[in-house]
Amino acid sequence: MILERRMAARGLRAKPSAPLLLAVALLLACQPAAAPTASDTAQSGPAHTSKSLVIAIVGDLGPFVLQIQGRAGTSAGELDLAVNQWLVDYDERATARPMLAAELPSRERGTWLVRPDGSMQTIYRLRPGVTWHDGHPFTAQDLVFSWRVFSDPDLPVSKSVVGLTSAMTAVDDHTIAIEWKTTYPGAGTLAVSDIVPLPRHLIESAYLADLEQFQRLPYWTEQFAGVGPYQVAEYNEGSHLILRAYPGFYKGIAKIDRIEVKFLGGSPAIVASLLAGSIDGALPGVVEFDGARTLQQEWEGAGKRPLIIMQPESWRYVAVQFRDPVVREVFDVRVRRALLHAIDREAISAALTDGLGPVSQAPPPPSDPRWDGWGRDVVAQYPYDPRQSERLLAEAGWRRGGGGNLTGASGGPLSLPLWTNTDSETTKTISIIGDYWNQVGAQVEQTVVPVALYRDTQYRASFPAFLYAGITASDQNFMNRVAPRACPSAETRWQGQNLGCYQNAEVQRIIDGFAGALEPAEQRELWRGFIKAVTEDLPVLPMYYRLSATVFREGITGVMGQTTPQTRGSWNIAEWDVQK
């Protein structure tokens, strides 16, 4: 028919012969298969009732996958695993499982080689039959191209893991070999956002032509093509995004056919939309805790059973200044222990999270499935105990003076500077901490640092004694906050997450040990040593865990929030369903 139409268009007529028909049939058989469409799938199977879902994020979309400009003010990153995939992900039990990989690298199978000099090679075999949203086959060459992009020194993207590698090569269309500069325990479970597939056939020419223009391609938003369960169907800047289930997804078509993502201004607007029924849910971190509790109360009060998941997301702690503190006594561990005993952290959790936010005795949250075997029994405990606090302060030379105020060895009044950044939760918390420290006789100078100053890394690292702050809960974040070599200084251009410049050779030795710890048993012993050391010496004072809420109306099933170690709220989005 194609040949006949071309001839007719030229004013020619021909009666096709049997040999000609056979030739045309053979020609068509050699053409690449077109990407399957939703209509194709519907026609080939039983009748299907279309299902749709409306969710919201804060702010506009920003770029998928390529976080060049960051995503400040938006929660769009939670959608990455809806449209694309990683090599590996983690389930709700913190178990690593292959995603695009067909299997995890293994030293027993010879796909994970550790050399005497500490360098490594990992071989990842890829799932067959994976296709991009345009139907083009996904191959190892796509990952090699992606590695070139993310390791490009002229591209300002995260290199947290790709920076540990020296090369990636395609062994064949479904196998990659990654060369590692050093031993890295996570090399066999690459659930990371800086080693993700990019479609070489669509964007390589743009990358080679103009790196600046490459970063502004419409590919990263409205023209995005990935290998995830959903493909971009429509993008309206400042308004919404529409995702449609990709029929060619390697795990089978997603249960929900259409997902509309609305871009709203913040938690109050999203809560109002959920109560009004104009949206069905919100991904992790989109609705603030108070808003999630309001929704829960309103819905349950109306006899409904919403899906609301509260998960520890941000570790809150008080950093101690060791560089040149104005209160020299903070070098005495008895003082640090006394100040922690003086705070009722259960009361902080009750005031800010209705008691749902776990009190932190150590960096990892108690909800972490690894926690029982990785340190719970070695944690030094500091329950709220004002008498114990006063006893330790007295041992350190601090006494109650006139009016009940503490005085130091010099006899002068004791003043504790306590800084934080501008945020409703942080300002409430330092007020509570200040009240507790006042009760044991300390005078607390509370300072809320303006945003512009807080972003100045040198200024932030100059806090005079104590700094209340928070970080996203992750193993590496915990270690970086106390790693001696992560001390910011003029030599590092004030980069480094150990803001108080804590120094402890044993802690650094343990942290260094993680780089070469490939066996779970060895990792477990290192974690136990790390947790024991930091809870006994208290380089930071652990407070509690701020919660992230995932909120959906009644009738939405399969949503499980984020996982540990953290991935994305969309990690299992293909399994979500709408029951009513």
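This text gives an overview of the structure that appears in the document. (Residues numbered from 1 in each chain as written. Predicted model: local features only at pLDDT ≥ 70, side-chain atom pairs only at ≥ 80, totals over all residues. Heavy atoms only, no water.)

## Thoughts on the state of the cysteines
All chains considered together, the criterion is met by 1 disulfide. Residue Cys 487 pairs covalently with Cys 501 via a disulfide, S to S 1.9 Å. Disulfide Cys 487-Cys 501: torsion about the S-S bond near -95°, hence left-handed. Here the residue Cys 487 occupies a position in the loop between α16 (475-480) and α17 (505-515), and Cys 501 occupies one in the loop between α16 and α17, the gap between them amounting to 14 residues. (Disulfide = S-S within 2.5 Å. Helix = DSSP H or I, 4+ residues; strand = E, 2+ residues; numbered from the N terminus.)

## What about the sheet that holds strand β17 (residues 466-472)?
Strand order across the open sheet formed by 10 strands is β8-β9-β10-β1-β11-β18-β12-β17-β15-β16, with mixed pairing between neighbours. Two strands in the sheet have a free side with no partner beyond their single neighbour: β8 (230-236) and β16 (443-449). Neighbouring strand axes in the sheet, compared pairwise and without regard to direction, differ in orientation by 25° on average. Of the strand pairs in this sheet, strand β9 (residues 240-245) and strand β10 (residues 258-264) are connected by 5 bridges, and their pairing is antiparallel. Looking at the pairing, His 240 lines up with Lys 262 of β10. (Pairing = 2+ DSSP bridges. Axes fitted to C-alpha atoms, helices over the stretch in contact; angles between N-to-C directions.)

## Some thoughts on empty space enclosed by the protein
One pass over the structure, following the stated rule, counts 5 cavities of 30 Å³ or more. One number sums up the size of the second largest cavity: a volume of about 70 Å³. Around the second largest cavity, the lining residues are Trp 315, Gln 361, Ala 362, Pro 363, Phe 478, Val 482, Phe 530, Val 534, Thr 535, Leu 538, Val 540 and Pro 542. Those elements that provide at least two residues to the lining of the second largest cavity are α18 (520-537) and β18 (540-552). The element that contributes the greatest number of residues to the lining of the second largest cavity is α18, accounting for 3 residues. Here the lining of the second largest cavity is composed, by residue class, of 10 nonpolar, 2 polar and no charged. (1 Å grid on protein atoms, 1.4 Å probe; cavity = no way out; pocket = protein on both sides within 12 Å on 5 of 7 lines; lining within 4 Å. Points joined across faces, edges and corners; volume = space filled by probe spheres on them. Nonpolar A, V, L, I, M, F, W, Y, C, P; charged D, E, K, R; others polar.)

## Side note on the nonpolar core
Counting 98 residues, the largest nonpolar core has Leu 87 and Ile 270 as its most contacted members. If you tally residues by element for this core, the top one is helix α5 (residues 140-150), at 7 residues. Each residue touching Ile 270, except ones within four places of it in the same chain, is listed here: Ala 56, Ile 57, Val 58, Leu 264, Ile 279, Ala 282, Val 286 and Val 287. Residues Val 378, Leu 418, Val 440 and Leu 526 belong to the second largest nonpolar core, which totals 74 residues. (Core = buried A, V, L, I, M, F, W, Y, C linked by side-chain atoms within 4.5 Å. Buried < 20%, exposed > 50% of the residue type's maximum accessible area, 1.4 Å probe, protein only. Contact = heavy atoms within 4.5 Å.)

## So, the packing of α17 against α18
The interhelical angle for the contact between α17 and α18, taken along N-to-C directions, is 155°, at an axis separation of 10 Å. Taken together, α17 and α18 sit at an angle that is classed as roughly antiparallel. Note on packing geometry: the crossing formed by α17 with α18 is left-handed. In contact with Val 507, Ile 510, Ile 511, Gly 513 and Phe 514 of α17, α18 contributes Gln 523, Leu 526, Trp 527, Gly 529, Phe 530 and Ala 533. For the contact of α17 with α18, the residue count by class is 8 nonpolar, 3 polar and no charged. (Parallel < 35°, antiparallel > 145°, perpendicular 65-115°, else oblique. Left-handed = near helix turned anticlockwise from the far one by under 90°.)

Geometric descriptors of this kind do not, in isolation, establish any biological role.
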